[in-house]
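# Chain and residue survey
Single-letter residue listing:
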Amino acid sequence: MKILDRYIIKTMAFYTLAVMLIWLGVYSFFGFLNEVNEIGQANYSSTEAMIYIFLKLPEVISGHSSVVILLGSLLALGHLAATSQLIIVRGSGVSIMNITKVVLKTALVFVVIAILVGELIAPIASQTAKNSRAQALGHNIQAKNQQGFWVKDKNSIIHVGKNFDGRSFADVMLVNLENNKTLASVGQADNALFDGQNLTLDSVNFYKIHRKNKNQFYQFEAEKLSQYKLPVAFDQEFVGSLRKEPRDLSSWNLVNQISFLAKNGLAVDAFEVELYQRLVKPFTLMAMIVFSMLFIFGSLRDASLGKKIFLGLMLSLFFELFSRIGGVLSLRFDYNHFLVASIPTLIVLIFAFILLKRKSAQ
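Residues numbered from 1 in each chain as written. Predicted model: local features only at pLDDT ≥ 70, side-chain atom pairs only at ≥ 80, totals over all residues. Heavy atoms only, no water.

## A look at the packing of aromatic side chains
All chains considered together, the criterion is met by 4 aromatic pairs. Pairing phenylalanine 29 with phenylalanine 30 gives two aromatic rings, centres 5.3 Å apart and planes at 80°, and the pair type is edge-to-face. Ring centres 4.9 Å apart and planes at 70° place the aromatic pair phenylalanine 206 and tyrosine 228 in the edge-to-face group. In this pair, phenylalanine 206 is assigned in strand β5 (residues 198–213) and tyrosine 228 in strand β6 (residues 216–231), connecting sequence segments 22 residues apart. A residue is classified by how much of its surface remains accessible, and tyrosine 228, at 24% relative accessible area, is partly exposed. The ring of tyrosine 44 has arginine 133 sitting right over it, with the charged end atom 5.7 Å from the ring centre. Against the face of tyrosine 52 rests arginine 133, its NZ or CZ located 5.4 Å from the ring centre. (Phe/Tyr/Trp six-rings, centres within 6.5 Å; stacked < 30°, edge-to-face > 60°. Helix = DSSP H or I, 4+ residues; strand = E, 2+ residues; numbered from the N terminus. Buried < 20%, exposed > 50% of the residue type's maximum accessible area, 1.4 Å probe, protein only. Lys NZ or Arg CZ within 6 Å of the ring centre and 35° of its normal.)

Take a look at the structure:
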């Protein structure tokens, strides 16, 4: 690696880490202010509040990584431009495109680190933070998780009235279908246990339906079973994900969720939009950086460097905002989710590269 490349990478790393520390400091300060009213309740002390905020930091790093990396890259290049170092670099024969490649490679490394933090550390840390806070405040975690759900599994429709911990259910109704469309039987149980592969219902009241033809019932048969075991296709992770928004799931859980819902003919749009936006996110950041660099290498006669950096940052952030709005519109109007997520990024990336190429040739 060239000395010049190492110097640019070092400068970018310094400014990006500085922005990240400031960003996390601001978040921690306001987060602690939000927790002040809760301090003193039950066993929730200032130490517990700080632990809660600290465990939420990986989620902040992952969620705000694009803005932080973009701002860090712009500040680093702005520093090099303001101190005339970019002029010296270009005067030594290094083109704008070569500088851009070094910046993008460095930013991509930061993106990979942020993705790893978001996928491996953030989900575990956030769940631990929520549980520890709830316990310190004296909340009944099971009571907080008593949310029911509907799920279609093969030829069965299952309704859980209360989900205590992902394993113990209450007020469970089981609807069995014949040929996946005709009602065959209905079962109801007060309690059920889920071991990840089987749903075991206790004291089940079953009502079987016998038909004379497709449009006419001719007999109902009531049956009470002490226990009924139903093999199911979903698992513990799926049950846990039912209480979360798509943005709260890891990418692996999103893929599993989409696969399961698609196999059972259920809506997957919201999960697909979130997954595609995550896949396109590194390229969106690359497009924002390239687009912003047009302002860094511009002439300083019309406006100061600070104004140009601010303008480039605002336009880039508006671009990311419109990308998110595009995902919402694709849900509303049933557009192709992948195309809506990728085409704007691809257009801006190509357009910015063409302009940088022209500026580099000047």
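## Let's talk about the packing of helix α1 (residues 3–35) against helix α2 (residues 46–63)
Following both chains from N to C, one finds α1 and α2 inclined at 140°, their axes separated by 10 Å at the closest point. Between α1 and α2, the angle is such that the two are oblique. Between α1 and α2 the crossing geometry is right-handed. Each of Met20, Trp23, Leu24, Tyr27, Ser28, Gly31, Phe32 and Glu35 in α1 lies in contact with α2, whose residues at this interface are Ser46, Ala49, Met50, Tyr52, Ile53, Lys56, Leu57, Val60 and Ile61. Partitioning the contact of α1 with α2 into residue classes produces 12 nonpolar, 3 polar and 2 charged. (Axes fitted to C-alpha atoms, helices over the stretch in contact; angles between N-to-C directions. Parallel < 35°, antiparallel > 145°, perpendicular 65-115°, else oblique. Left-handed = near helix turned anticlockwise from the far one by under 90°. Contact = heavy atoms within 4.5 Å. Nonpolar A, V, L, I, M, F, W, Y, C, P; charged D, E, K, R; others polar.)

## Quick look at the environment of proline 246
With respect to the secondary-structure elements, proline 246 resides in the loop between α7 (236–241) and α8 (251–263). The sequence separation of proline 246 and leucine 275 amounts to 29 residues, and the corresponding C-alpha distance is 8.5 Å. Setting aside chain neighbours within four positions, we find proline 246 in contact with Leu254, Ala270, Phe271, Glu274 and Arg278.

## What about the pattern of salt bridges?
The final tally for this structure, using the stated rule, is 5 salt bridges. Of the charged contacts, one joins glutamate 119 and arginine 278 as a salt bridge, the two residues approaching to 3.7 Å between their closest N and O atoms. Of the two residues, glutamate 119 is situated in helix α5 (residues 96–136) and arginine 278 in helix α9 (residues 269–296); the sequence distance between them amounts to 159 residues. Across the salt bridge formed by arginine 278 and glutamate 274, the nearest N and O atoms sit 3.0 Å from each other. Note that arginine 278 and glutamate 274 are positioned in helix α9 at a spacing of 4 residues, about one turn of the helix. Residues joined in a network through salt bridges with shared partners are Glu119, Glu274 and Arg278. (Salt bridge = Lys/Arg side-chain N within 4 Å of Asp/Glu carboxyl O.)

## Focus: α2
Every α-helical turn comprises 3.6 residues, leaving residues that sit three or four positions apart pointing alike. For α2, which comprises 18 residues, the first-to-last C-alpha distance of 25 Å matches the rise-based estimate of 26 Å (1.5 Å per residue) to within 8%. Largest kink in α2: about 30°, centred on leucine 57, with the proline proline 58 one to four residues after it. Contacts from the buried residues of α2 go to α1, α3 (65–82) and α5. (Expected span 1.5 Å × (residues − 1). Bend = angle between axes of the 7 residues up to and from the residue.)

## Points about the environment of glycine 63
Assignment of secondary structure puts glycine 63 in helix α2. Between the C-alpha atoms of glycine 63 and glycine 118, which are 55 residues apart in sequence, the distance is 7.7 Å.

## With respect to α1
Taking 1.5 Å as the rise per residue, α1 with 33 residues should run 48 Å; its terminal C-alpha atoms sit 47 Å apart, in good agreement. Those residues of α1 that sit buried are Ile8, Thr11, Met12, Thr16, Val19, Met20, Leu24, Gly31 and Glu35. For α1, the secondary structure elements touched by its buried residues are α2, α3 and α5.

## A closer look at the packing of α1 against α5
At their nearest, the axes of α1 and α5 sit 11 Å apart, and the two run at 25° to each other. In terms of orientation, α1 and α5 fall into the roughly parallel class. Once α1 is placed against α5, the crossing between them reads as right-handed. Residues Asp5, Ile8, Ile9, Met12, Ala13, Thr16 and Glu35 of α1 lie in contact with α5, whose contacting residues are Ile99, Val102, Val103, Thr106, Ala107, Phe110 and Arg133. Looking at the contact of α1 with α5 residue by residue, the classes come out as 9 nonpolar, 2 polar and 3 charged.

## Here's the deal with unusual backbone geometry
In the Ramachandran plot, aspartate 171 falls in the positive-phi region, its phi being about 55° despite a non-glycine side chain. Among the secondary structure elements, aspartate 171 is positioned in strand β3 (residues 168–178). We note that serine 203 has phi near 50°; this positive angle belongs to a residue other than glycine. Inspection of the secondary structure assignment puts serine 203 in strand β5. Looking at serine 203, the relative accessible area reads 40%, which means it is partly exposed.

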